[in-house]
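Each chain is listed here by its residues.
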Amino acid sequence: VMPTADGSANQVLKTDGSGNLDWVTSGGSYSDWAVKTTTYTASSGDQLICNHASTPFTVTLPSSPSAGNTVTIKNCGAATVTVGRNSKDIDSVAADGTLLTDSAVQLVFVDDTFGWVSL
């Protein structure tokens, strides 16, 4: 059964499997790409382009991640970007990460044993 009213911007039709349709906000697991030039605390789904010519800065990972959370970071600038682990391991190591110019990483949180795993 079609809804009686139009949906809002960026909404799509969703079925309940029983022939009923409703409007829901569309979206996926990832945010749009964002350019960062200074210290930033990431959220799950962030896709970040880091771009600073001279001043190093830190992108801090989410503080209370859940299994499957992900953050993607690309350093296009000349300055080093530190990936702050925010108390969770990165690749089973209790240390922050470093992204030099033209480096990139996608991190996925597995659990408290492995922490963030780099892909």
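Before reading further, recall that the structure is shown in the block above.
Not measured: the values here are computed from a predicted model.

1. So, the overall build of the protein
Summing up its helical and strand segments, the protein has zero helices and eleven strands in all. In the protein, the succession of helices and strands from N to C terminus is β-β-β-β-β-β-β-β-β-β-β. Of the roughly 6900 Å² that the protein leaves accessible, carbon and sulfur atoms contribute 50%. Of the side chains in the protein, 5 bear a positive and 11 a negative charge, and the two mean positions are spaced by 6 Å.

2. Details of the sheet that holds strand E6 (residues 57-60)
Picture the strands of a sheet paired through backbone hydrogen bonds; they go either parallel or antiparallel. The strand order across the open sheet built from four strands is E4-E6-E8-E9, with neighbouring strands paired in mixed fashion. The outermost strands of the open sheet, each flanked by one partner alone, are strand E4 (40-41) and strand E9 (97-99). Bridging between E6 and strand E8 (residues 81-84) involves four bridges; their strand directions are parallel. Note on E8: the bridge partner recorded for Thr58 is Thr82.

What counts and how
- Residues numbered from 1 in each chain as written.
- Predicted model: local features only at pLDDT ≥ 70, side-chain atom pairs only at ≥ 80, totals over all residues.
- Heavy atoms only, no water.
- Helix = DSSP H or I, 4+ residues; strand = E, 2+ residues; numbered from the N terminus.
- Areas by Shrake-Rupley, 256 points an atom, 1.4 Å probe, with all protein chains shown as cover.
- Lys, Arg positive; Asp, Glu negative; His and termini not counted.
- Charge placed at Lys NZ, Arg CZ, Asp CG, Glu CD.
- Pairing = 2+ DSSP bridges.

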